[in-house]
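# Analysis of the macromolecular model
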Amino acid sequence: MAAAVTELELERRVMAAVKASAERGDPPLLQAAEAARCIREAPASAPGGLALSQALVTNLCFAHNTAAMWKLLDQAMLSRLVDPLHTLALLTPRVVPNRREQPEAYRLYLELLGRYAVAPVYPERMEKKDMLAKSIDSAMQLSHRFDDCGLPITSADEHGNRNDMNFNGKGRSLDRGDEHREHLRRKNILMSIEVVEKDRPENFNCLLRKLHLIGAVKKKNTLSPYNLLDSLIMNIQNVISTDYQLDRKRLLEVPVSIQPCSSAVYSIFRAGKGSCWIPFDMFMENAMDGRHLHAISSVEYLTELSKTLQVLNRATWQETFQALWISALRLVQRGPDASEGPFPRLDSRLCMLLAIIPLSIATIVKEEVGNLEGDTTSVIRGQLVSSLQILRQFFGLLSPPPAAVHLANTAARKAAVVLSNLKNGSENMYSSFKDSPSTKAVGNMLHLIVEACITRNLIDTSAYFWPGYVVPLKESSPVQESPWPSLVEGSPLIELKDALMVTPASSVPELEKLYSFAVSGSPEEKLAASKILCGASLLRGWNIQEHVVQMVLKLLSTFLPLDSGPEGRYVQDMPMLHTLVSGISSIDTVHILSMYGLVPEVASMLMPLCEFFGSLPPSDHRSCKFEEASVYSVFSCAFLSLLRFWKFHRRPIENALSRRGVSVWSELHLDFLLLLRNSHSSLKNLSNVTQSSIFKLDTPFQKPMYIDSFPKLRAWYFQNQACIASTLSSACSRTTVLHVANMILKIICHNKVPKGGVLSVNPQSTENSGTSSSPSGVQEDMCQWPTLPAWEILEAVPFVLEAMLTSCAHGRLSSRDLVTGLRDLADFLPASLAAIVSYLSAEVTRGIWKPVMLNGVDWPSPAATLPVVESEIKEVLAFAGVHINICPRPRSVMPMLPLPIAALMSLSITVKMEEFSHLQGIIGQGIEICTTSSSWPAAQIIGALWSQKVRRWHDFIILTCSQTPFTRDNTAVAQLIRSCFSSFLGPLVDGRSCFVANRGVANLLGQTFDEKAHRLAVAPGFLYMRSCWLFPNNSFVCEEILEVVIERAHAIANACSSDRPARLRSDSLPLSAASSLVEQIASLAATMLCHAGGVNLIRLLYEQIIPTLLLSGGEAKLGSAGQVCSIIEGYTLAYVLLFSGASIWGVGETSPAYTSIYTSKRQRVVDRHLEFMARVMEGNIVLGCGDATWRSYVLCFVNLLVNFVPTWIPEVKLKTLQKLASGLQRWHEGDLALSLLERGGTKTVTSVVESLLQ
């Protein structure tokens, strides 16, 4: 009796605390926290969580059955103030028996059941687990209802009169006049089935089997076989079959998979559950390649890719978000911690995880809330929360890299401070760290992800209450406090400058405080604020990184010379400009700007700087230094950064390939960047990131910009194009340019030529270099650099280089003097390095220069490390499944290189490493062009020379050299493609798939980067992503991938069919599993095609390659390997084609920026392919493939088109749809033809009516 009184008193206190909190206007989370505090303070016998759930459920059912109480219970379960399973166990016996009388409560119960029944089980102490199990058993009376085998304990009494099903608990007949509640009851029935099927799809078939088993048990107890249970099973099957539009019963006897990728079939017969999300992993890994920059934001691309995969995989948003997080966590784990080479490092990978993905999810949440009816915000946010909670199961992926440990601990400490303040009864739960100096916690990657989501209002701080989220750290060392709160409180900026440079800001108000110094502070404060903005906040301020990027670009735009103002103003701002331009020129910063899709905007900001400062003469004759602000240093920083965005150093062969429709990443031309920037400015419906970076800039910068606005830059642009396209002798030049070239030659070659002459450019002809007598009395002029504008020097550089190279080739100038002269020129004007790389790269492609001997005297020798480098390159290729001879030609004893490559290589070796962050984008890619453009086996030699200079870049050098065989050897490309499929799907043995343990994403791309390994191990997929843009013939790549796809289809067919008797065919592959494998093959093939050739290759795939494959004949034609093989061939090709198009074009409406780059060509391409299909079905085109292959291909593709991408169909011409529908009707596929016409929009209404009348 006392216990009962105590429980009643406790329930009364809880409700009093809840009511008092509600009257204060507290949100449900704080109301739940007040109730939990009341439980802790009461002398209850049960643990706090169990007692709280008991008190809340007792009051909710049904004394206080209000929406506010249900919200409070939801928040308590979400924050784990109560255990979700125990709470559901308490609700079940109270709500389910009253589901007819209380349909609203039952509906809310189903919502909680669907959200928390599959919640992750967190590790608890054993005694707490036992107590929880006993509490659930007591609430549900499980031990009294089921026997040891899990079957229900039934008796004849339980199956007596069942006519009470329409009565409530008090025996009164339910009021069926309330139509709304009756409608809600019917919807609850469907929702209950949906909860079971969608939350646990892998167990749903097991549920049906158990229902059959229960029915069999009940039959033994004299129940009629035609009872309610049989009807229930039939209704469940009918409901599930109508939930999906795909006909799963037939498609040429091949079932179309309707199971989500998390189903049991996928986990058993596929390469793990993550295999259906392989496009995420490959896109993220490709985005980390800093050699090519993207004209569209990774946020927008990833948003469209997420929506596409969510449709293609029939997945929930929870599964989609979870796949995004896991792919990004794998990306971080694959990245090295150290600065291993001049490529984007850990900061860029963490940017993808903590900035790009949260922004993509934010866009998806906003779109979903706007598109769906009702209150869907809580639903999709609940799915996001569930995806984050499940991440706790992936312990290995959550381990932070050493560089991020401190930031992870800081994020965990923030949650610990909140919990500590709540426990201590503090009025301000979210007080600063200074108020809790002794509070510490251990953090991991989940804490960083949660903080990134909280900052962007995707989730709330209830995540701090998740069990085990806060792990206290007992340590006596002092906590390193952030200097940003001190800045906000008024501390001097200059005193905090060094600390702010290395500590990222954590909130937008802190950034706004800093920005105020950059705009209205003293000159010293402005300069310091600019450096701080471009420091740690830009690289590692992931929670607010989009705001930092916007502030940096906005600040830079305020100093741009866009008007005809006085020159003195811009010269006065030179230190600020130098700081900002240098700050955005680092390797990781350039790559981060590219991931935000700001290449066009930043390039258009650098152009006026180049135009203005390139037209000013320097103040003295000294050489330029990057660390000092001067006319030449500002121009050089801006010019070199612009060229990295512009990709000026493209090989001439790439222009020819791009005209043939093969994507060679040549879209980022100077004119194209300006047009793209202007189109971005005119678009109104961009993503939040792109929109904020454009429309909040100053008004003058929002006006259209064209190349004609920059005459000096335009002149150099055309001169550079002419030098690349033809020899210098055909380039027109002015006398003043030749005069400047002679001045430069006299300076850099003074005392470096035989007596009696100096190098000069013949003013009458530019064909050759010659020597002429040096006039007397000009000794002093030869020692001083001319004070000329940078544009005039750049215009003369090609003529200087031609004279020096020709003289060196003829023995008039030594190799050492040649390299020294080039280095002097680059020291005087670093921007001239771009002209040097451009000229030497173009000369290599002509093949007119003789090789020079690398003997260690005239030129550096690679002999000491060359054998080791060659051996390691072979090992890397062999590990990736490529076995070729990397030295096809016999090599002489003395290594040799063509003169332009030797000169550029020797110059790159002399570059100081502290300057390399500015120059690597030019030098490194110039050397790469020389290596891949020359027929000489130069990669190993260049790798050996560079490994001697920078030993810590050894792995990077070996990896780069390992990519060169794919630039000219199709055999190597074919072996790499096959190795990718084998590593992901498993090898083929005797024409059958061999399922091995090591397969899937980890085996394709690599699991982690092991810095302690004795040799470099590169996964085939990783090597493919780094090399695919170098493939010389993308048509060959596409054909090879399709050939492998067909081989895999044959292997599936072989596994499905068996020559054994029917009773011995247990080892045959089920058709449902075969469908799953086909999707896996198609997903990998489509992703590889998209990354190898982009939009142009997918267009060729639709318009030429697939039609040619279907039209081809011969012994190896499609459909010649048997009936089952023929069917699966067509089935697989249809999946590959649709997945490829959907991956590039999206499945529905896309953003304007995405449409302008990718989706704009979809209408024409899809219409042409469907027109081809219709003409074949009319008999106007004769096929070379088998009839079964063609029929399965058409039916599968149209089915996928109708069900996955119906938004494509209205874009097709009416005649094409009518002809295709007529062909389907002749095949007796009237339902499919009607579905196709129904999705054609208003133009097909007449055709739909006619079809129905027929």
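Bear in mind the structure is a predicted one, so any value in this text is a computation, not a measurement.

Parameters at a glance
Residues numbered from 1 in each chain as written. Predicted model: local features only at pLDDT ≥ 70, side-chain atom pairs only at ≥ 80, totals over all residues. Heavy atoms only, no water. Helix = DSSP H or I, 4+ residues; strand = E, 2+ residues; numbered from the N terminus. Buried < 20%, exposed > 50% of the residue type's maximum accessible area, 1.4 Å probe, protein only. Contact = heavy atoms within 4.5 Å. Areas by Shrake-Rupley, 256 points an atom, 1.4 Å probe, with all protein chains shown as cover. Expected span 1.5 Å × (residues − 1). Core = buried A, V, L, I, M, F, W, Y, C linked by side-chain atoms within 4.5 Å. Salt bridge = Lys/Arg side-chain N within 4 Å of Asp/Glu carboxyl O. Axes fitted to C-alpha atoms, helices over the stretch in contact; angles between N-to-C directions. Parallel < 35°, antiparallel > 145°, perpendicular 65-115°, else oblique. Nonpolar A, V, L, I, M, F, W, Y, C, P; charged D, E, K, R; others polar. Left-handed = near helix turned anticlockwise from the far one by under 90°. pLDDT = per-residue confidence, 0-100. Phe/Tyr/Trp six-rings, centres within 6.5 Å; stacked < 30°, edge-to-face > 60°.

## Observations regarding the overall build of the chain
- A count of helices and strands for the chain gives 57 helices and 6 strands.
- Within the chain, the proportion of its 1254 residues that are buried is 56%.
- Contacts in the chain between residues at least 24 apart in sequence constitute 77% of all its contacts with a sequence separation of at least 6.
- Here the chain has roughly 53000 Å² of accessible surface; of this, 54% comes from carbon and sulfur atoms.

## Topic: helix 40 (residues 832–846)
- If you check helix 40, its first and last C-alpha atoms are 22 Å apart, about what 15 residues at 1.5 Å a residue would give, namely 21 Å.
- Across the 15 residues that make up helix 40, a large majority, 13, are buried.

## Quick notes on the nonpolar core
- In terms of nonpolar packing, the biggest core is built from 365 residues, with W325, F639, F981, Y1024 and W1190 touching the most fellow members.
- The dominant element in this core, judged by the number of residues it contributes, is helix 50 (residues 1071–1111), at 21 residues.
- In this structure, W1190 is in contact with L1110, F1172, M1173, V1176, M1177, L1183, C1185 and W1227, ignoring residues within four places of it in sequence.

## A word on the pattern of salt bridges
- Applying the stated criterion across every chain, the model contains 24 salt bridges.
- Between R978 and E1043 there is a salt bridge, and its shortest N-O distance comes to 3.3 Å. With R978 in helix 46 (residues 970–985) and E1043 in helix 49 (residues 1034–1056), this residue pair connects regions lying 65 residues apart in the sequence.
- Among the residues examined, E1043 registers a relative accessible area of 40% and is labelled partly exposed.
- One network of salt bridges, with partners in common, ties together R24, D26, E34 and R37.

## Looking at helix 13 (residues 278–287)
- Along helix 13, 10 of the 10 residues are buried, which leaves the element largely enclosed by surrounding structure.
- Restricting attention to buried positions, one finds in helix 13 the residues I278, P279, F280, D281, M282, F283, M284, E285, N286 and A287.

## As for the packing of helix 4 (residues 67–78) against helix 6 (residues 103–116)
- In the contact formed by helix 4 and helix 6, the axes pass within 12 Å of each other and the chain directions differ by 10°. With respect to each other, helix 4 and helix 6 are oriented roughly parallel. Mapping the contact onto sequence places W70, L73, D74, M77 and L78 in helix 4 and A105, L108, Y109, L112, R115 and Y116 in helix 6.
- Residues of the contact of helix 4 with helix 6, tallied by class, amount to 9 nonpolar, no polar and 2 charged.

## Quick notes on the packing of helix 41 (residues 866–879) against helix 45 (residues 954–962)
- In the contact formed by helix 41 and helix 45, the axes pass within 9 Å of each other and the chain directions differ by 65°. Considered as vectors, helix 41 and helix 45 are oriented roughly perpendicular to each other. Read as a crossing pair, helix 41 and helix 45 show a hand that is right-handed. The residues of helix 45 that touch helix 41, namely those facing V869, E872, I873, V876 and L877, are H954, I958, C961 and S962.
- Looking at the contact of helix 41 with helix 45, its residues break down into 6 nonpolar, 2 polar and 1 charged.

## As for unusual backbone geometry
- The phi dihedral of R314 is positive, around 50°, even though this residue is not glycine.
- Here R314 is to be found in the loop between helix 14 (298–312) and helix 15 (317–334).
- By relative accessible area, R314 is classed as buried at 13%.
- With phi around 60°, N457 is a residue other than glycine that occupies positive phi space.
- Within the fold, N457 resides in the loop between helix 20 (445–455) and helix 21 (484–489).

## Thoughts on the confidence of the model for the chain
- Chain-level pLDDT for the chain is 76 on average; 71% of the residues reach the 70-or-more range.
- Highest mean pLDDT in the chain belongs to helix 20 (95); lowest belongs to helix 12 (residues 264–269) (36).
- Here residues 216–259 scores under 50 on pLDDT; set against residues more than four positions off or in separate chains, the count is 73 contacts.
- With pLDDT under 50 throughout, residues 763–781 is counted as low confidence; its partners more than four residues away or in other chains account for 31 contacts.

## Re the packing of aromatic side chains
- Applying the stated criterion to the full structure yields 26 aromatic pairs.
- On the basis of an interplanar angle of 50° and a centroid distance of 5.9 Å, the ring pair of Y301 and Y1154 is categorised as tilted. In this pair, Y301 sits in helix 14 while Y1154 sits in helix 52 (residues 1152–1157), placing the two residues 853 residues apart along the sequence. The two residues Y301 and Y1154 agree in class, both being buried.

## What about the environment of M288?
- With respect to the secondary-structure elements, M288 resides in the loop between helix 13 and helix 14.
- Sequence separation between M288 and S348 is 60 residues; the distance between their C-alpha atoms is 7.1 Å.

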